[in-house]
Amino acid sequence: MTNPRPLPDHPPQLLSPNDRPLPLFTVAQLRELEARGAAGLPAHTLMVRAGAASAHYLIERAAHEGSLATEHPVWIAAGPGNNGGDALVLATRLRQAGIAAEVCMPVEVKAEDARWALGEARAAGVPISHVPPASLDAFGWVVDGLFGIGLARPLEGIFAELAVRIGRRATTHGRVLALDVPSGLDSDTGNVVDGGLAVRATETVTFLGAKPGLYMTYGRDLAGSVTLAPLGVDLPPAADVARLNAPALFAPHFPARSFASHKGTFGSLAVVGGDTGMCGAPILAARAALHTGAGKVHVAFVGEGAPAYDAPYPELMLHPPGTLAFDAMDALAVGCGMGRGANAIASLQKALGCNAPLLLDADALNLIASDTSLAGVLTAGAVKGASGADGTARPCVLTPHPLEAARLLGTDSTSIQRDRLGSARALAARFAAVVVLKGAGTVIASPDGRAAVNPTGNAALATGGTGDVLGGIIGALLAERLPGYEAALAGVYLHGLAAETLTAGGSGPAGLTAGELAPTVRTLLNRLIYPVRD
Ligand SMILES: NC(=O)C1=CN([C@@H]2O[C@H](COP(=O)(O)OP(=O)(O)OC[C@H]3O[C@@H](n4cnc5c(N)ncnc54)[C@H](OP(=O)(O)O)[C@@H]3O)[C@@H](O)[C@H]2O)[C@@H](O)CC1
Ligand SMILES: Nc1ncnc2c1ncn2[C@@H]1O[C@H](COP(=O)(O)OP(=O)(O)O)[C@@H](O)[C@H]1O
Ligand SMILES: [K+]
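Predicted model, so just to flag it, every value in this text is computed and none were measured. Here the residue numbers are simple positions, counted from 1 along each chain's written sequence. To read the labels, note that chains go from A and ligands from 1, taken in the order they are written. For a predicted model such as this one, the threshold for reporting local features is a pLDDT of at least 70, and the threshold for listing and counting side-chain atom pairs is 80 or more; totals across whole chains, interfaces and linings nevertheless cover every residue. By convention in this description, side-chain values take in all heavy atoms of the structure and omit both hydrogens and water.

## Let's talk about the nonpolar core
The nonpolar core is taken to be a set of buried Ala, Val, Leu, Ile, Met, Phe, Trp, Tyr and Cys residues, with the residues joined through side-chain atoms within 4.5 Å. Three labels apply to residues, based on accessible area from a 1.4 Å probe with only protein chains included: buried if under 20% of the type maximum, exposed if over 50%, partly exposed otherwise in between. In this structure, L332, V334, L348, L360, I368, L398 and F431 are the most contacted members of the largest nonpolar core, which totals 60 residues. Each helix is a run of DSSP H or I of at least 4 residues and each strand a run of E of at least 2, with the numbering of both proceeding from the N terminus. No other element matches the five residues that helix 14 (residues 420-431) contributes to this core. For each domain, the first and last residues come from an automatic or database assignment. The two domains that each donate at least three residues to this core are domain 1 (23-244) and domain 2 (263-528). Contacts were defined at the residue level, with two residues in contact if any of their heavy atoms lie within 4.5 Å. Residue contacts for L348: discarding those within four places in its chain leaves V334, M338, L360, A364, L367, I368 and L374. Grouped together as the second largest cluster of nonpolar side chains are 58 residues, A331, V436, I473 and Y530 included.

Shown next, in the form of structure tokens:
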């Protein structure tokens with residue numbers, strides 16, 4: 001293996017976003033900040049820093065596994081814009097560090113900074129060809145520097161061909177690094193630009209600021225693990241910028257578990273749902289609520305034929321239809337397996353008329369979508385501040401999956417998925433409620449403009465009942481008196497982390513059952529929020 005020479009500058013800052021509430025910038029926001037960041041800096045500075053940060057990343061990353069060997073050079077695909085410029089600086093830096101690297105530039109770079117970078121690469125003796133090699137298998141690393149945030153139309157021709165080949169290489173041999181974003185990914189939404197093709201990378205070094213699309217929809221599959229290189233620019237996020245969900249956003253809102261506490265301290269939750277033949281859903285939610293630390297958990301069934309008690313969890317209090325006083329509860333979670341019959345509508349109306357914090361899921365959302373008078377009661381309750389005492393609105397959290405979200409907005413689920421962040425924000429504004437838009441990269445949006453994208457969770461959650469479990473977790477946190485937005489952030493984060501933890505232990509990604517999540521949520525909650533002190 002070649003012994004890499006140290007790079008000339010001090011090491012660039014590289015951040016692993018895990019567990020940090022990083023701001024997530026849209027392309028429009030980045031363009032503005034980019035211009036501000038570049039002002040006052042010598043020409044080409046940000047591109048030089050982007051290339052240097054990528055070189056540093058690769059050298060550090062490869063140090064332990066010897067994957068930067070002379071016989072296995074780094075192959076770098078450079079596109080026509082500034083992303084290609086970053087790629088050329090990377091190649092120059094690697095070469096200056098004594099690492100074998102070659103560039104494939106199918107179309108000569110056009111952007112001004114990138115043309116300068118091409119001159120530097122040529123002067124440093126970087127081999128540059130216009131035609132890709134027959135196989136990418138022999139390269140130690142493959143780098144995607146084709147397109148970044150400037151991609152305006154679907155990849156075509158040689159660029160489409162390269163995207164497919166790089167993606168295949170990632171699947172068969174790994175070690176594919178994307179610069180800024182995997183080419184073809186829409187960094188605002190996590191979709192592929194205009195339904196075309198995109199590179200699949202195993203890791204991404206993203207520049208200046210993190211982007212929402214790296215964590216949503218197809219983003220996590222295409223980007224792999226993400227590292228942020230801020231390029232020495234301190235970006236002042238606007239108030240409405242979305243955040244990556246992280247414990248710092250919600251941990252301070254949990255109640256203390258003092259010696260003097262009692263079950264009333266942690267609130268009573270009623271899970272309302274379970275039409276005849278659908279009793280499992282509220283039971284799953286209620287069990288999850290118990291494991292999330294609610295003081296007392298009830299189930300108010302809307303259908304006949306429900307069990308008298310839950311044998312594995314006799315702590316739960318189960319009530320036949322119409323027998324539980326909702327207004328004695330500290331929170332209500334309404335909708336799991338509730339159906340849309342007369343009893344369901346009556347229960348929802350009763351719940352909407354209470355002052356207690358509300359979580360609305362599944363059929364509660366479907367009923368609201370199909371009945372404008374229910375929607376009116378919901379928004380009126382929030383707007384006039386139904387809880388009254390301190391004049392603030394009662395917390396209300398809606399947890400739609402994309403189809404339920406589409407029904408609430410009167411559109412289709414494709415439109416919702418085209419812009420998950422925008423859809424969640426629109427719903428939050430429409431219903432004056434906190435919205436949890438579920439799916440890969442769950443979005444949490446508050447009517448006050450705050451929004452977050454959740455980085456935890458995986459395909460193990462793609463199984464029936466996991467949404468009921470999430471409803472129970474958030475319902476419990478509302479009963480524990482967390483504000484709505486923070487209850488939603490915490491619930492979604494813990495639910496996703498539980499799936500990841502169980503997957504790491506071999507219970508996923510295939511075959512995880514929803515009921516298994518709750519005990520792991522309990523463990524994570526205690527580790528993250530209530531660690532035992534020596
Ligand atoms: N400026 C800065 O401060 C910093 C910028 N940085 C880097 O710059 C990146 C953004 O660079 P960018 O704006 O040049 O866009 P980029 O993603 O390279 O692509 C645009 C080019 O592609 C072309 N093109 C578009 N679609 C196409 C298609 N389908 N097929 C073929 N061509 C297509 C388009 O041509 P046109 O549409 O004009 O014909 C244009 O030439 C950013 O992600 C980061 O990596 C960092 O260095 C940090 C500092
Ligand atoms: N691929 C995935 N990645 C991350 N989370 C997922 C994925 N698929 C499903 N989920 C999560 O699983 C839960 C499913 O909820 P939902 O669709 O309401 O299911 P159900 O009605 O069966 O309980 C949501 O929290 C959702 O975000
Ligand atoms: K790229």
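## Examining the sheet that holds strand 13 (residues 331-334)
Should DSSP find at least two bridges between two strands, the strands are taken to pair. Judged by pairing direction, the sheet is mixed, and its 11 strands sit side by side in the order 1-9-18-17-16-15-14-13-10-11-12 without closing on themselves. Two strands bound the open sheet, and with one partner strand each, they are strand 1 (23-24) and strand 12 (317-319). Where strand 9 (residues 242-244) and strand 18 (residues 451-453) come together, two bridges link them in parallel fashion. By the bridge assignment for strand 18, L244 is matched with V453.

## As for the side chain of N245
Mapped onto the secondary structure, N245 falls in the loop between strand 9 and helix 7 (247-250). Looking at N245, the relative accessible area reads 0%, which means it is buried. With near-sequence residues (within four places) excluded, N245 lies in contact with F250, I444, A452, V453, N454, P455, L489 and Y493.

## So, the site of ligand 2
Close contacts around ligand 2 come from 16 residues, with K438, G439, G465, T466 and G467 the closest. Polar contact criterion, stated in full: a pair of N or O atoms within 3.5 Å, where within protein one must be able to donate a hydrogen and the other to accept it, and residues adjacent in sequence count only if both atoms are side-chain atoms. Here N458 contributes a backbone N or O atom positioned 3.4 Å from a nitrogen atom of ligand 2. At 3.2 Å from an oxygen atom of ligand 2 is found a side-chain nitrogen or oxygen belonging to T466. Calculation of accessible area relied on Shrake-Rupley with a 1.4 Å probe; when residues are assessed, cover is drawn exclusively from the protein chains displayed. If ligand 2 stood free it would expose 580 Å²; the protein chains cover 76% of that surface. Cavity and pocket criteria rest on a 1 Å grid covering protein atoms alone: a 1.4 Å probe that fits but cannot get out defines a cavity, protein on both sides within 12 Å along at least 5 of 7 lines defines an open pocket, and an atom within 4 Å of a point defines a lining residue. More than half of a molecule's atoms lying within 2 Å of a cavity's or pocket's grid points is what places that molecule inside it. The pocket occupied by ligand 2, as judged from atoms lying within 2 Å of grid points, is the largest pocket. Element by element, the count of residues in the shell around ligand 2 is highest for helix 15 (residues 466-479), at four residues. A per-class count over the shell around ligand 2 returns five nonpolar, nine polar and two charged. Only heavy atoms are used to decide nearness, and a residue is near a molecule or strand if one of them lies within 4 Å of it. Polar here means any residue other than Ala, Val, Leu, Ile, Met, Phe, Trp, Tyr, Cys and Pro, which are nonpolar, and Asp, Glu, Lys and Arg, which are charged; Gly is therefore polar.

## Comments concerning the coordination of the potassium ion (ligand 3)
Coordination of the potassium ion (ligand 3) by the protein involves N83 (OD1), D144 (O), F147 (O), L179 (O), V181 (O) and S183 (OG), with metal-donor separations of 2.6 to 3.1 Å. The donor set comprises N, O and S atoms within 2.8 Å of the metal, extended to 3.2 Å for Na, K and Ca; water molecules are omitted, so apparent gaps in a site may simply reflect that omission. Each label reflects the angles at the metal, where four donors whose angles all fall between 85 and 135 degrees are tetrahedral, four or six donors whose opposite pairs open beyond 155 degrees and whose other angles stay between 65 and 115 are square planar or octahedral respectively, and the rest are irregular. Each of the six donor atoms around the potassium ion (ligand 3) contributes to a set of angles spanning 64 to 169°, which defines the coordination as irregular. The sequence pattern describing where the donors of the potassium ion (ligand 3) fall on their chain is N-x60-D-x2-F-x31-L-x1-V-x1-S. A residue pair is termed long-range when its members are at least 10 positions apart, and D144 in strand 5 (residues 141-145) and L179 in strand 6 (residues 176-179) qualify at 35 residues.

Spatial relationships are all this shows, so hold off on functional conclusions.
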